[in-house]
Amino acid sequence: MPKLLSAAAVEQYNHDGYFFPTAVMSRDEAARYRRCLEEHEAGTGAPLQGNWRHKMHLLFTWADELVHHPKILDAVEDVIGPDILCWTSNFFIKEAHSPGFVSWHQDSTYWGLDPDDVITAWVALSDVTPENGYMQFIPGSQKVDQLPHVDTFHKDNLLSRGQEIAVEVDKSKAVGIPLRAGEISLHHIKLVHGSDANRSNDRRIGMAIRYIPTYVRQTKVRDSAMLVRGVDKYHNFDDEPRPKADLDPAALAAHADAVGRQVKALYQGTDKQEFRA
Ligand code: NI
């Protein structure tokens, strides 16, 4: 018996490579997480940048709570089973009227994870619309092989290397993914997806949480991850500690260590030492 998704939803995920929307929290609860993020940004005087966009759940108790959210984990468990690691989380924030976009890509390109049983729960912390740059998916594309990508390092591209698929993507097949704050979409690591710039008057805020079953391996570096449900009898990843208090020294050290490993994997073959701004 599925825990949260219907059998038809799981079937659709397996067929198309995605499923949406699933409500996991109230609008008020989503607004509270947004406030936590924006209070931090107000304190630093700038939007999240660079390494801080990644694995924030190692730094802040509210982000840790989000990656452990029981309803999100129920939906994820329905697809990948009961023993679940959180591999990473990434904030994808598009400021109002900003040029930031995400080129067509497959997440699998540089992550080094094997096999490809890797699912993203993309959590909307604002409403997500065509106007503010919702994600677009090519249904069924997770079943094609890994496609060749080229690195552009384009300044407005929100991806680590500005990577994009080197062959023509048939955009007429694209499906847009609108979400209300508090809903998630789920997508497979090999699904072809991208998104346009935000042309609206408000920020578009999403936290992409990447979950793997414990049997998945990292082929590029000795990586770390956090067990968020079930048991890990494989120990393919070093354990990451949950933050006891926001930005305490132990949390900062754990984040620096974990992000360092991820940068090594994602930027392998380049001279980059940290995530792009
Ligand atoms: Ni992606």
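See the structure shown above.
Conventions and cut-offs
- Residues numbered from 1 in each chain as written.
- Predicted model: local features only at pLDDT ≥ 70, side-chain atom pairs only at ≥ 80, totals over all residues.
- Heavy atoms only, no water.
- Pairing = 2+ DSSP bridges.
- Helix = DSSP H or I, 4+ residues; strand = E, 2+ residues; numbered from the N terminus.
- Contact = heavy atoms within 4.5 Å.
- Axes fitted to C-alpha atoms, helices over the stretch in contact; angles between N-to-C directions.
- Phe/Tyr/Trp six-rings, centres within 6.5 Å; stacked < 30°, edge-to-face > 60°.
- Buried < 20%, exposed > 50% of the residue type's maximum accessible area, 1.4 Å probe, protein only.
- Lys NZ or Arg CZ within 6 Å of the ring centre and 35° of its normal.
- Donors = N, O, S within 2.8 Å, 3.2 Å for Na, K, Ca; no water.
- 1 Å grid on protein atoms, 1.4 Å probe; cavity = no way out; pocket = protein on both sides within 12 Å on 5 of 7 lines; lining within 4 Å.
- Points joined across faces, edges and corners; volume = space filled by probe spheres on them.
- Nonpolar A, V, L, I, M, F, W, Y, C, P; charged D, E, K, R; others polar.
- Expected span 1.5 Å × (residues − 1).

Draft legend 1. Up close: the sheet that holds strand S15 (residues 238-239). Within the open sheet, the seven strands sit side by side as S1-S10-S5-S12-S2-S14-S15. Their pairing is mixed. The open sheet terminates on both sides in strands that have one partner only, identified here as strand S1 (18-23) and S15. Of the strand pairs in this sheet, strand S14 (residues 224-229) and S15 are connected by two bridges, and their pairing is parallel. Residue pairing across strands places Ser 224 opposite Asp 238, the latter belonging to S15. The sheet strands contacting helix H6 (residues 249-266) are strand S2 (84-94), S14 and S15, and the helix crosses S2 at an angle near 80 degrees.

Draft legend 2. Representation of the packing of aromatic side chains in the model. All chains considered together, the criterion is met by seven aromatic pairs. The interplanar angle of 65 degrees and the centroid separation of 5.9 Å between the aromatic rings of Tyr 267 and Phe 275 together place this pair among those described as edge-to-face. Classification of Tyr 267 by relative accessible area gives buried; the value is 2%. The rings of Tyr 18, Phe 20 and Phe 137 are connected pair by pair, giving a single aromatic cluster. When the ring centre of Tyr 33 is taken as reference, the NZ or CZ atom of Arg 32 above it lies at 4.8 Å. A cation over a ring is seen here: Arg 161 above Tyr 110, with NZ or CZ 3.8 Å from the ring centre.

Draft legend 3. The coordination of the nickel ion, seen in detail. Protein coordination of the nickel ion is provided by His 105 (NE2), Asp 107 (OD) and His 193 (NE2), with donor distances spanning 2.0 to 2.1 Å. Between consecutive donor residues of the nickel ion, the sequence gaps follow H-x1-D-x85-H. The exposure classification of His 105 matches that of Asp 107, with both residues buried.

Draft legend 4. Fine view of the layout of surface pockets. Its volume calculated, the largest pocket comes out at about 800 Å³. Along the wall of the largest pocket there are 43 residues; nearest its centre are Arg 53, Phe 91, Phe 92, Leu 158 and Leu 159. Sorting the residues of the lining of the largest pocket by element identifies S2, strand S3 (102-105), helix H5 (108-111), strand S11 (193-195), strand S12 (204-213) and H6 as the ones contributing at least two each. Per-element accounting of the lining of the largest pocket gives the leading share, seven residues, to S2. Of the residues that constitute the lining of the largest pocket, the class distribution is 18 nonpolar, 16 polar and nine charged.

Draft legend 5. Structural view of H6. Taking 1.5 Å per residue as the helical rise, H6 with its 18 residues ought to reach 26 Å, and the 26 Å between its terminal C-alpha atoms agrees with that figure. All buried positions along H6 are accounted for by Ala 251, Ala 254, His 255, Ala 258, Val 259, Arg 261, Gln 262, Val 263, Ala 265 and Leu 266. Check the buried side of H6 and you find it contacts S2, H5, strand S13 (217-218), S14 and S15.

Draft legend 6. Focus on the side chain of Arg 161. If you trace the backbone, Arg 161 turns up in the loop between strand S7 (149-151) and strand S8 (163-165). The buried category is assigned to Arg 161, whose relative accessible area is 5%. The residues contacting Arg 161, other than those within four sequence positions of it, are Tyr 110, Asp 151, Thr 152, Phe 153, Leu 266, Tyr 267, Gln 268, Thr 270 and Arg 276.

Draft legend 7. Local environment of the sheet that holds strand S9 (residues 175-177). Strand order in the open sheet formed by four strands is S3-S11-S6-S9, with antiparallel pairing between adjacent strands. Two strands close off the open sheet at either side, each with one partner strand: S3 and S9. Sheet twist, expressed as the mean angle between neighbouring strand axes with direction ignored, is 25 degrees. With three bridges joining them, strand S6 (residues 135-137) and S11 adopt antiparallel strand pairing. Of the residues in S11, the one forming a bridge with Met 135 is Ser 195.

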